[in-house]
Amino acid sequence: MFFTVTMSLLEGFLGTLKLFILTLVLSLPLGLFISLGSMNKNIMVKGPIRFIIWVVRGTPLMLQLLIIYYGPGIFFGVPLWGGGTDGRFMAALFAFVFNYACYFSEIFRGGIQSIPVGQYEAAAVLGMDKKQTFFKIILLQVVKRIVPPISNEVITLVKDTSLARVIAVYEIIWNGQSFIKSSGIIWPLFYTGVFYLLFSGLLTLLFSYIEKRLDYFR
Amino acid sequence: MPILEVKNLKKCFDKTDILKGISFDLEKGQTLSILGSSGSGKTTLLRCLNFLEKPDAGEIVVNGETIFDRAKPVTEAQIKSNRLHFGMVFQQFNLFPQYTALENVVLAPKLMASADKYPEIIEMGKNLLNKMGLSDRMNNYPHQLSGGQQQRVAIARALAMSPDILCFDEPTSALDPELTGEVLKVIKELAIGNTTMIIVTHEIGFAHDVSDQIIFMDDGVIADRGTPAQVIDNPSNPRTRQFLSNYHS
Ligand SMILES: Nc1ncnc2c1ncn2[C@@H]1O[C@H](COP(=O)(O)OP(=O)(O)OP(=O)(O)O)[C@@H](O)[C@H]1O
Ligand SMILES: [Mg+2]
């Protein structure tokens, strides 16, 4: 039994992992893009973007999942995502990417705005252009500052993937729970915690390695 | 011909006139110190020379070549090459924290050169740091250096671009008194070595010592201008006399 459960949970964990990785890969660049918009001088650009960030960060992700999945069908009569497994996964991915991009964008904005203006001015008087200034001077300082908050968000994401269950996206908890119905046992559900723990432990190690590598300057 | 001519430079922030028509010139190899009370516009003047602020009126002429004329707008690329006539040493050093002392000095020159010039540039960087008394500190990061050492790296970094005129904005104001001396010493050596410099400072004794010319700024205008003997020892302007009263007593 233990072996069967482990294999089933591993399979569920692949679903978790797929959602996790795709969300990260897509939301980090999108977040950078949104952060640049939220720092735009033009209020017509900055205003709407800050508003969207406020809405996304101010409402539960679970609610966003439900609205994104059911909303198009209920409000516009267009069941955009279809009822299949792939459609549900796409809806969940969309919700996660959008949600996390907004959180990341605020981290990027904080990081970029925390660089003292003197760094830009020192680069400018040495004749560097905007591109050289960003890539040679600013970027690494920003990265150093955002690694700890990004690492927090990433570990939260590992656990948040379980929310996808509300629109019936298969992931590890779904699989764990199914043993209650099929075999009348609850321990597989508790056992899923071990998978989360191991994975977030791995990520913690990875991030502390990155932090150490950037420890040589202040 | 003077190396620098500044003609009727004006700058206002939020409708307040900060520079109200500044004109002066500076001969090659000379040192000009700018004194004046807080808020009189000294930093703004240096920032205009380095194109960190855009003057509202006036002209800047270097070696007979007009590099800024409000009447004739210039492109971003021209600003980039024109500002290299000036070097700038900031009050807060503004070293790049992720680079060692030597890397701070050679970074910008390397960006402008081809790879085969890199050995030469690194050699020059080492020489400059030697001159600053930092031969044993080249591979330290800024946070491993004292304020005085950081400021000397910043001076080497500015010199590495071989500017025609090197500007200092209160280079020792962020330093403890015991570190001030070491920075003033290297600036004095530069003055003796005929580096053309403009120094904004509150170290009046030092300014008297190293300067060929002193400008006293008051409320956005040049209130007094002349040799140290004229401006500091025998100030004619009542404002200058008042400003220097602490120094003389
Ligand atoms: N970016 C800015 N926006 C608005 N006002 C400014 C700006 N920069 C400077 N000022 C104002 O211009 C005036 C002159 O400032 P500046 O920094 O040139 O004086 P300073 O002579 O260097 O003074 P200090 O001895 O305190 O350094 C001050 O009243 C200051 O508030
Ligand atoms: Mg100032």
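A quick note: this is a predicted structure, and the numbers were derived from the prediction, not measured.

Turning next to the overall build of chain B. From N to C terminus, chain B includes nine helices and 10 strands. Its C-alpha radius of gyration of 18 Å places chain B within 12% of the 18 Å reference for a compact globule of 249 residues. By the burial criterion, 54% of the 249 residues in chain B qualify as buried. Taking contacts inside chain B between residues at least 6 apart in sequence as the whole, the part at least 24 apart equals 65%. Accessible area for chain B stands at about 10,800 Å²; split by element, carbon and sulfur atoms hold 46% of it. Where the 25 positive side-chain charges of chain B centre and where its 30 negative ones centre are 4 Å apart.

One pass over the structure, following the stated rule, counts 10 salt bridges over all chains. One salt bridge in this structure joins Arg 109 of chain A and Glu 106 of chain A, with 3.0 Å as the shortest N-O distance. On the criterion of helical spacing, the pair formed by Arg 109 of chain A and Glu 106 of chain A is a turn pair, its members being three residues apart in helix 4 (residues 85-113). For the pair Arg 109 of chain A and Glu 106 of chain A, a shared accessibility class is recorded, and that class is buried. Between Glu 53 of chain B and Arg 47 of chain B there is a salt bridge, with the nearest N and O atoms lying 3.1 Å from each other. Across this residue pair, the class does not change: Glu 53 of chain B and Arg 47 of chain B are buried. Overlapping salt bridges bring together Arg 57, Glu 106 and Arg 109 of chain A as one network.

All right, on to the pairing of strand 3 (residues 31-36) of chain B then. Residues and elements named next belong to chain B. Most of strand 3 is tucked away: six of the six residues are buried. Along strand 3, one buried face is formed by Thr 31, Ser 33 and Leu 35 and the opposite face, lined by Leu 32, Ile 34 and Gly 36, is buried too. Here strand 3 runs beside strand 8 (residues 197-200); their pairing, made up of four bridges, is parallel. Its bridge partner being in strand 8, Ile 34 is matched across the sheet by Val 200.

This part is about the packing of aromatic side chains. Residues and elements named next belong to chain A. Counting across every chain of the model gives 19 aromatic pairs over all chains. A ring pair is formed by Phe 13 and Phe 195, whose centres lie 5.9 Å apart and whose planes are at 45 degrees; its orientation type is tilted. Separated by 182 residues along the polypeptide, Phe 13 in helix 1 (residues 2-38) and Phe 195 in helix 8 (residues 187-213) bring together distant segments of the chain. Judged by its relative accessible area of 10%, Phe 13 falls in the buried class. Judged by centre distance (6.0 Å) and plane angle (55 degrees), the ring pair of Tyr 100 and Phe 104 falls under tilted. In this pair, Tyr 100 and Phe 104 both sit in helix 4, four residues apart, roughly one turn of the helix.

Tallying the contact residues gives 24 residues for chain B and 20 residues for chain A. Taken together, the two surfaces of chain B and chain A that pack against each other cover about 2,000 Å², and 64% of this comes from carbon and sulfur. For the interface between chain B and chain A, the tally reads one salt bridge. The shortest N-O distance in the salt bridge between Arg 47 of chain B and Glu 121 of chain A comes to 2.8 Å. Seen at the junction of chain B and chain A, the total is eight residue pairs in polar contact (both at pLDDT 80 or more). Listing elements by their share of the side of chain B that touches chain A, those giving two or more residues are helix 2 (76-82), strand 6 (86-89) and helix 3 (101-111) of chain B. A total of three residues in the side of chain B that touches chain A trace back to one element, the largest contributor, which is helix 3 of chain B. When grouped by side-chain class, the residues that make up the side of chain B that touches chain A number 15 nonpolar, four polar and five charged.

All names here are of chain B. Once the domains are mapped, chain B shows domain 1 (1-85 + 165-249) and domain 2 (96-162). Taken over both partners, the interface formed by domain 1 and domain 2 buries close to 980 Å², and the fraction arising from carbon and sulfur atoms is 78%. Per-residue buried area on domain 1 facing domain 2 is highest for Leu 84, Glu 182 and Val 186; these three make up 39% of the total on that side. The tally of links between domain 1 and domain 2 comes to one salt bridge. The partner of Arg 152 in a salt bridge is Glu 182, and the shortest N-O contact between them spans 2.8 Å. The interface formed by domain 1 and domain 2 contains three residue pairs in polar contact (both at pLDDT 80 or more). Going through the elements one at a time, strand 7 (165-169) and helix 6 (177-192) are the ones with two or more residues in the side of domain 1 that touches domain 2.

Quick look at helix 2 (residues 43-58) of chain A now. When the terminal C-alpha atoms of helix 2 of chain A are compared, their 21 Å separation across 16 residues agrees well with the 22 Å that a helix rising 1.5 Å per residue should span. Capping the start of helix 2 of chain A, Asn 42 of chain A holds a side-chain oxygen 2.8 Å from the backbone nitrogen of Met 44 of chain A, two or three residues further along.

A few words on the sheet that holds strand 7 of chain B. Residues and elements named next belong to chain B. Taken in spatial order, the six strands of this open sheet run 6-7-8-3-9-10, and their pairing is mixed. The two strands at the open ends of the sheet, each matched to only one other strand, are strand 6 and strand 10 (221-226). Pairwise comparison of adjacent strand axes, ignoring direction, gives a mean angle of 20 degrees for this sheet. Inspection of the sheet shows strand 3 paired to strand 9 (residues 213-218) by five bridges, in the parallel sense. Each residue of the ladder has a partner; that of Leu 32, found in strand 9, is Gln 213.

Let us look at the side chain of Asp 169 of chain B. As for its placement among the helices and strands, Asp 169 of chain B is situated in strand 7. Although Asp 169 of chain B is buried, it forms no salt bridge, and the closest oppositely charged side chain is Arg 47 of chain B at an N-O distance of 7.0 Å.

Procedures and definitions
- Residues numbered from 1 in each chain as written.
- Chains lettered and ligands numbered in written order.
- Predicted model: local features only at pLDDT ≥ 70, side-chain atom pairs only at ≥ 80, totals over all residues.
- Heavy atoms only, no water.
- Helix = DSSP H or I, 4+ residues; strand = E, 2+ residues; numbered from the N terminus.
- Rg over C-alpha atoms; globule rule 2.2 N^0.38 Å.
- Buried < 20%, exposed > 50% of the residue type's maximum accessible area, 1.4 Å probe, protein only.
- Contact = heavy atoms within 4.5 Å.
- Areas by Shrake-Rupley, 256 points an atom, 1.4 Å probe, with all protein chains shown as cover.
- Lys, Arg positive; Asp, Glu negative; His and termini not counted.
- Charge placed at Lys NZ, Arg CZ, Asp CG, Glu CD.
- Salt bridge = Lys/Arg side-chain N within 4 Å of Asp/Glu carboxyl O.
- Pairing = 2+ DSSP bridges.
- Phe/Tyr/Trp six-rings, centres within 6.5 Å; stacked < 30°, edge-to-face > 60°.
- Buried area = accessible area lost by both parts, 1.4 Å probe.
- Polar contact = N/O pair within 3.5 Å; in protein donor to acceptor, adjacent residues only side chain to side chain.
- Nonpolar A, V, L, I, M, F, W, Y, C, P; charged D, E, K, R; others polar.
- Domains from an automatic or database assignment.
- Expected span 1.5 Å × (residues − 1).
- Axes fitted to C-alpha atoms, helices over the stretch in contact; angles between N-to-C directions.

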